[in-house]
Amino acid sequence: MKQEMLVIDNLHVQTGDVKILNGLDLRVNSGEVHAIMGPNGSGKSTLAKVIAGHTAYTITQGSIKFQGQDITDLDPDLRAHLGIFLGFQYPVEVPGVTNTDFLRLAYNSRQKFRSLPELDPLSFFEFLSSRLNIIGMDSKFLNRNVNEGFSGGEKKKNEVLQMAVLQPFLSILDEMDSGLDIDALKTISYGINQLLEGQQSLVLITHYQRLLDYISPSFVHIMHEGKIKLTGDASLAYELEKKGYELLDTKL
C-alpha cells in the first residue's frame, strides 16, 4: 500500500525580496517517480533546494511534510538523516577529501542518527564495491578527491553513487541529464532504475523528455511562475516536446 512520502502545501518561497515559489502544491507517494519540467526561471531548482533545506531561501507561507513529519523549519542535515537526498545540477568539488572517506563518513553519520551499526573501513569498502557495480563506476574514482577533475558525466555518476550508498527514501535529482551524452545518460539512468526499489520515491527535474525515455515517470508536472500548472502522465512530456511551453496557453 502506498503511503504519503512528501506533501507540500501552498508553499511560498523567496530569496531576499525576490519571490520564487507562489503557492506550490505537490504530493509524492512511496514508490512513485515524479518528473518536474518547466521553462527557465519557473522555480524548479529552487523547489529542489527548499525541500532539502537550503538556507538561502525563506519560506514565507505553507508547509513541507516528509513521511508525516513537518520538516518546514528542519535543518538540512536532519532532513538528510531522515532520508532526503538531493543530487545537484552542478556538483561541487571537495579538494582534500577522497570519495571513499566522504561516503563512509556520510553513511556512518546516517547510521548513527538511526541507531544502526556503523561500518569500519574494510566493511564499508566491501559494501561500497557492491554499490559501484550497480551504476557501473570504476573503483579508481574512490581514491580521488570528491569530484575534483571529474568530467560532467563523472560528476553526475558520482551523485548517483552517493544516492546508492545513502539509500534515501526520497531522491531529488536536479537536471541529472544536463551535459550528458547519450551513452552516459543510458548508464546513469540504468543505475537510477536499479536503485529504485519498493517504497523509494524519486523527483526528477529536467528540461528534456529524453531522460523520461529511460526513467519512466508516474506523473509529469509542468511548473510556471513558481507553481505547478499542469499534471499528467508520461504522455504530457511528449506533448510538451512537440508544442513547447505554448502548451500552457492551450491547456489553462
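Below, the structure is looked at part by part. Computed from a predicted model, the values in this text were never measured in an experiment. (Residues numbered from 1 in each chain as written. Predicted model: local features only at pLDDT ≥ 70, side-chain atom pairs only at ≥ 80, totals over all residues. Heavy atoms only, no water.)

1. Observations concerning the sheet that holds strand 2 (residues 18–29)
Let me state the cut-off plainly: Here, any two strands with at least 2 DSSP bridges between them count as paired. Secondary structure elements follow DSSP: runs of H or I of four or more residues count as helices, runs of E of two or more count as strands, with numbering from the N terminus. Any two residues having at least one pair of non-hydrogen atoms within 4.5 Å are treated as being in contact. Interaxial angles span 0 to 180 degrees and are taken between N-to-C directions of axes, which are lines fitted to C-alpha atoms, for helices over the stretch in contact.
Pairing is antiparallel in the open sheet, where 4 strands are placed in the order 2-1-4-5. In this open sheet, the two edge strands, each paired with only one partner strand, are strand 2 and strand 5 (69–70). Here strand 4 (residues 58–66) runs beside strand 5; their pairing, made up of 2 bridges, is antiparallel. Note that in strand 5 the partner of Lys65 across the bridge is Asp70. Packing against the sheet, helix 1 (residues 44–52) makes contact with strand 1 (4–15), strand 2 and strand 4, and its axis sits at approximately 115 degrees to strand 1.

2. Brief notes about the sheet that holds strand 6 (residues 84–87)
Taken together, 6 strands build an open sheet; the order of strands is 6-9-10-3-11-12 and the sheet is mixed. Each end of this open sheet is capped by a strand with a single partner; those strands are strand 6 and strand 12 (227–232). The average undirected angle you get between the axes of adjacent strands in this sheet is 20 degrees. As paired strands, strand 9 (residues 170–174) and strand 10 (residues 201–205) are joined by 5 bridges and run parallel to one another. Bridging across to strand 10, Leu170 finds its partner in Ser201. Packed on one face of the sheet, helix 5 (residues 152–166) meets strand 6 and strand 9 and runs near 170 degrees to strand 6.

3. Here's the deal with the pairing of strand 11 (residues 219–224)
Each regular strand shows side chains that alternate between the opposite faces of the sheet. The sheet contact formed by strand 3 (residues 33–37) and strand 11 spans 4 bridges and is parallel. From the neighbouring strand, Met37 faces strand 11, where its bridge partner is Ile222. Summarising the sheet, strand 11 and strand 12 pair through 5 bridges and their orientation is antiparallel. Note on strand 12: the bridge partner recorded for Ile222 is Leu230. What sits between the antiparallel neighbours strand 11 and strand 12 is a turn of 2 residues, in which Glu225 has the positive phi angle 55 degrees.

4. Describing the nonpolar core
Note the following rule: Joining through side-chain atoms within 4.5 Å is the link that ties buried Ala, Val, Leu, Ile, Met, Phe, Trp, Tyr and Cys residues into a set, and such a set is a nonpolar core. Categorising residues by exposure relies on relative accessible area from a 1.4 Å probe, with only protein chains included: less than 20% of the type maximum marks a residue as buried, more than 50% marks it as exposed, and the intermediate range marks it as partly exposed.
Counting 41 residues, the largest nonpolar core has Leu161, Val165, Leu173, Ile192 and Leu204 as its most contacted members. The element best represented in this core is helix 4 (residues 121–135), accounting for 6 residues. Of all hydrophobic cores here, the second largest spans 29 residues; its members include Ile36, Phe66, Val203 and Met223.

5. As for the packing of aromatic side chains
Stated formally: A pair of aromatic rings is counted whenever rings of Phe, Tyr or Trp (Trp by its six-membered ring) have centres within 6.5 Å, and the orientation is called stacked for planes under 30 degrees apart, edge-to-face for over 60 and tilted otherwise.
Under the defined criterion, the tally for this structure stands at 4 aromatic pairs. Considering the side-chain rings of Tyr107 and Phe124, the 5.7 Å spacing of their centres and the 50 degrees angle between planes classify their relative orientation as tilted. Taken together, the residues Tyr107 in helix 3 (residues 99–113) and Phe124 in helix 4 connect sequence positions 17 residues apart. Relative accessible area serves as the criterion here: at 9%, Tyr107 is assigned to the buried category.

6. Considerations on unusual backbone geometry
With phi around 50 degrees, Gln67 is a residue other than glycine that occupies positive phi space. Considering the arrangement of structural elements, one finds Gln67 in the loop between strand 4 and strand 5. Taking relative accessible area as the criterion, Gln67 reaches 42% and is therefore assigned partly exposed. Positive phi values are uncommon outside glycine, yet Gln167 reaches one of about 50 degrees. For Gln167, the location among the structural elements is in the loop between helix 5 and strand 9.

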